[in-house]
Amino acid sequence: MSAMRTTVLVVDDDADFRGLAAFVVASQGLIAVEAADCGECLEVLRKDPERILAVLLDYYMPGMKPGPCVAGIRELLPATVPVVLVTAAVDAGQRARELGLTHWLSKPFDLDDLRAILRAARSEDAHPAI
Amino acid sequence: MWPRVPVSVGRRLTTLVVVDALTLLALLAVAVLALSRGSADLGYMRRYVLPPVEALPKAIDDAARLEVALRSDPEGSARTVRVQDLIGEIDRFASQYRSDWVVLDNPAEDAARFRRILQDAHRTGLMAQERTALDALFANLTHLKQPGASRDELVTNAAAARRALRSLLDVNAQYVVVTQEAINGRAHTARDWLILIGVANLIGATLLGLAVHRAIAPRIRRVVKQVDRFREVGVYDQLTDSGRDEIATLAHAVDVGIRTIAARDREREQFLAVAAHELKTPVTAIAGYAQAALENPSDMAMRDRAVSIIHRNAGRLGRLIEDLLLAASARSGKLRFDPKPIDLASLTRRSVQEVEALVPNHPFELHTPTTAYLLADEDLLIHAEWSLLSYAAALSAPHAPIGVTVASLPGRVRLEVTLADGRLTESEISRALSPMDFVQYEENGGLRQTGLFLCREVAQVHGGSLRIGHSPEGKAAVTLELPA
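Residue positions are given per chain, counted from 1 along the sequence in the order it is written. Numbering of ligands from 1 and lettering of chains from A proceed in the order in which they are written. Where totals are concerned, whole chains, interfaces and linings use all residues; where local detail is concerned, this predicted model gives features only for residues with pLDDT of at least 70, and gives and counts side-chain atom pairs only at 80 or more. The side-chain numbers reported here are obtained from all heavy atoms of the structure, hydrogens and water having been left aside.

> Where do I start with helix H7 (residues 300–331) of chain B in this structure?
Residues spaced three or four apart along an α-helix face the same direction, because each turn holds 3.6 residues. For H7(B), which comprises 32 residues, the first-to-last C-alpha distance of 46 Å matches the rise-based estimate of 46 Å (1.5 Å per residue) to within 8%. Met302(B), Ala306(B), Ile309(B), Asn313(B), Arg316(B), Leu317(B), Leu320(B), Asp323(B), Leu324(B), Leu326(B), Ala327(B) and Ala330(B) are the residues of H7(B) that are buried. Its buried side turned inward, H7(B) meets helix H1 (15–27) of chain A together with helix H6 (246–295), helix H9 (378–394) and helix H11 (453–461) of chain B. Any pair of nitrogen or oxygen atoms within 3.5 Å is treated as a polar contact; in protein, a donor-acceptor pairing is required on top of that, and neighbouring residues in sequence qualify only through side-chain atoms on both sides. Each helix is a run of DSSP H or I of at least 4 residues and each strand a run of E of at least 2, with the numbering of both proceeding from the N terminus. Looking at where H7(B) begins, the residue whose side-chain oxygen comes 3.3 Å from the main-chain nitrogen of Ala301(B) is Asp299(B). Two residues or fewer after H7(B) comes Gly333(B), characterised by a positive phi angle close to 70 degrees. Expected helix span is given by 1.5 Å per residue-to-residue step, counting one fewer step than there are residues. Burial classification: accessible surface area is computed with a 1.4 Å probe over protein chains only, and a residue below 20% of its type maximum counts as buried, one above 50% as exposed, and the rest as partly exposed. Every residue pair with non-hydrogen atoms within 4.5 Å of one another is taken to be in contact.

Structure representation (structure tokens):
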């Protein structure tokens, strides 16, 4: 049996948001790892993909475009690990679908929504669907 | 088909007017011709037909009285004074007729015209009849004036002269009839021509008008339909008109206008989307940290951190909103300008201090004189400096120093900001000055701003300038220069 995934990767170029997300993640008994752009995100994933429970990914960031960024993440993580698009864009759901993502949060959001996503990810990790 | 012919609308309408004008001229010409011919015919009648018709009854009467006088002469010599007077009257009439009124030998142009009328009417026999009657009259007069003629011979000649005169009257009466018929005929011909030309013009002008209408109306309707569609549902479909006339020019102008409005709408929508995105970022931090602080009232460290972040993001939010409003005012040319004496050196020192606090990874190297006074709007200048400094921070690598130099020059002051590294491409410079765009930049501690558009507008409203270029060392440099 593999080790439980306990790390949530927060990818956003806004330091305040990363701090907020990390606080919520920590409040759920999880570990938050921050990345300011997709390059840093992929670097983290390459080092330790086994521990990643979920990725909170911003849409507009310097550097890599969202499409290649998601493709890079998907290469390094199993499909069961949720990649959550967290964006201030007007059409968050549409952009998530374009990237092939099923989870998204539209900024600003209620912290309970983020907690619910994290709980669902942990539950899925503990009891994976066959 | 008419629209395929590259003829201008103006030329089509001109053709229509010219055709109508030519028709009117033709109608006038026919009417004038008919009137002039009728007038000529009447002139001849008035000069050569009516006078003998008026004079002949008296001559006939003279001849009749001569005959009576001769018959009642008891001596039979017929040489009374009365008889001589009557013969003289008739002789004078005959001479005048021969010299003035006879048609056949009359060299006048009117007479020649009348002879043609007689010819056209197949009544040339009247001229022979006139000649015969006139010859007979002169022969009778010769006999009447001959001395020694018997009374019977004189009576016979007087009667013959009367008949000759009667015959001349008949001939001239026929001349009147022929002239009237000729005038009537010309009037009928003129009427027929007028009707023909009028009808032809009616048909021609109608067809031409329909053709012009067909060439113009559908295309104008198409333009109006497109404009209505754009106005009602905001959908822009390209307006195409393959013609090369004024309608095509109009359609092209409308197309350009609608396209410009549509582009501006798209630009505005994009701006709103980006503005919403940028505004939601600090709002997310404010709302999120407020919620976290409320949920953890006993966590003092969390509360202090939340308050600090909320305060900072509220400042960001306020400045962003102010920037957006000022950019919108600048775009519509309504930037308010309230100048007063300001020390740019002092103002720059303060701005650098404030921006530096927000971007601790970006050190500023400040060079300012003690004072650098100018006449300026303080609020606008603060926004311009913030735009300039945050733009420099956005495009500079962390920890690389950003040069800020204030210089007081004759008649002007200059603020030059040198980016830490790199050169700006034309595209980056253009984007930095776009009124509806945000600058995308590398990691910078969360500062976002609306580029240098507002900074340039502030420079312009002060009568100064903003230049984006490169320093001698190859570093990107933005220079704000304002009149002192």
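> Would you mind going over the interface of chain A and chain B with me for this structure?
Interface size is commonly expressed as the accessible area that is lost once the parts come together. Taken together, the contact pairs 23 residues of chain A with 26 residues of chain B. Buried surface at the junction of chain A and chain B, both sides included, amounts to about 2000 Å², of which 54% is carbon and sulfur. What counts as a salt bridge is simple: a side-chain nitrogen of Lys or Arg found within 4 Å of a carboxyl oxygen of Asp or Glu. Our count for the contact surface shared by chain A and chain B stands at four salt bridges. With a shortest N-O distance of 3.5 Å, Asp16(A) and Arg316(B) are connected by a salt bridge. At the boundary of chain A with chain B, the tally comes to eleven residue pairs in polar contact (both at pLDDT 80 or more). The element best represented in the side of chain A that touches chain B is H1(A), accounting for six residues. Polar here means any residue other than Ala, Val, Leu, Ile, Met, Phe, Trp, Tyr, Cys and Pro, which are nonpolar, and Asp, Glu, Lys and Arg, which are charged; Gly is therefore polar. Class assignment for the residues of the side of chain A that touches chain B results in twelve nonpolar, three polar and eight charged. Put simply, buried area is how much 1.4 Å-probe accessible surface two parts lose in total, over both of them, once they are put together.

> Explain the sheet that holds strand E5 (residues 103–106) of chain A to me, please; I cannot follow it from the model alone.
Across a sheet, paired strands are connected by hydrogen bonds in the backbone, their directions being either parallel or antiparallel. Residues and elements named next belong to chain A. At least two DSSP bridges between two strands are needed for those strands to be called paired. Strand order across the open sheet formed by five strands is E2-E1-E3-E4-E5, with parallel pairing between neighbours. In this open sheet, the two edge strands, each paired with only one partner strand, are strand E2 (31–35) and E5. For this sheet the average axis-to-axis angle between neighbouring strands, irrespective of direction, equals 20 degrees. Note on geometry: axes are lines fitted to C-alpha atoms, helical ones only across the stretch in contact, with angles between N-to-C directions running from 0 to 180 degrees. Relative to the sheet, H1 contacts strand E1 (7–11), E2, strand E3 (52–57) and strand E4 (83–87), its axis offset from that of E2 by approximately 165 degrees.

> Would you mind going over the packing of aromatic side chains with me for this structure?
The relation between two aromatic rings is expressed through the spacing of the ring centres and the mutual angle of the planes. A pair of Phe, Tyr and Trp rings is counted when the ring centres sit within 6.5 Å of each other, with Trp represented by its six-membered ring. The angle between the planes then sorts it: under 30 degrees is stacked, over 60 is edge-to-face, the rest tilted. On inspection of all chains with the given rule, the structure shows five aromatic pairs over all chains. Taking 6.0 Å as the distance between ring centres and 55 degrees as the angle between the ring planes, the aromatic pair formed by Phe93(B) and Tyr97(B) counts as tilted. Placement of both Phe93(B) and Tyr97(B) in helix H2 (residues 81–101) is noted, with a separation of four residues, approximately one turn of the helix. Just as Phe93(B) is buried, Tyr97(B) falls in that class too. Judged by centre distance (6.1 Å) and plane angle (55 degrees), the ring pair of Phe93(B) and Trp101(B) falls under tilted. For the pair Phe93(B) and Trp101(B), a shared accessibility class is recorded, and that class is buried. Feature note: the residues Phe93(B), Tyr97(B) and Trp101(B) constitute an aromatic cluster, connected by ring pairs. Only Lys NZ and Arg CZ are tested; either one counts as a charge over a ring when it is within 6 Å of the ring centre and within 35 degrees of the ring normal. Here Lys107(A) stacks its cationic end above the ring of Phe17(A), 4.3 Å away from the centre of that ring. If you follow Arg319(B) out to its NZ or CZ, it ends over the ring of Trp386(B), 3.8 Å from the centre.

> Help me understand the state of the cysteines, please; the structure alone is not making it clear to me.
In a disulfide, the sulfur atoms of two cysteines are covalently bonded to one another. All names here are of chain A. Criterion for a disulfide: a pair of cysteine sulfur atoms within 2.5 Å. This model, assessed by the stated rule, comprises one disulfide over all chains. Two residues, Cys 38 and Cys 69, share a disulfide whose sulfurs are 1.9 Å apart. Given an S-S torsion of about 100 degrees, the disulfide between Cys 38 and Cys 69 has right-handed geometry. One end of the pair, Cys 38, is in helix H2 (residues 38–47); the other, Cys 69, is in helix H3 (residues 66–76), with 31 residues separating them in the sequence.

> Is there a simple way to explain the environment of Glu130(B) in this structure?
Residue and element names in this part refer to chain B. Following the sequence through the fold, Glu 130 ends up in helix H4 (residues 125–145). Spatially, the C-alpha atoms of Glu 130 and Leu 169 are 9.1 Å apart, while their sequence positions differ by 39 residues. Contacts of Glu 130, omitting those with residues within four sequence positions, involve Tyr 97, Trp 101, Val 102, Val 103, Leu 104, Leu 168, Val 171 and Tyr 175. In this structure the side chain of Glu 130 is engaged in a polar contact, spanning 3.2 Å, whose partner is the backbone nitrogen of Val 103.

> Can you help me understand the pairing of strand E6 (residues 465–470) of chain B in this one?
If a strand is regular, its side chains alternate between the two faces of the sheet. All names here are of chain B. Direction of pairing for E6 relative to strand E7 (residues 476–483): antiparallel, over a ladder of six bridges. Looking at E7, one finds that His 470 is bridged to Ala 476. Two successive antiparallel strands, E6 and E7, enclose a turn made up of five residues, where Gly 474 displays a positive phi of approximately 90 degrees.

> Whenever I open this one, the environment of Leu20(A) confuses me. Can you help?
Locating Leu20(A) in the fold gives a position in helix H1. By relative accessible area, which is 2% here, Leu20(A) ends up buried. Excluding anything up to four places from it in sequence, Leu20(A) contacts Leu111(A), Thr284(B), Gly288(B), Tyr289(B) and Ala292(B).

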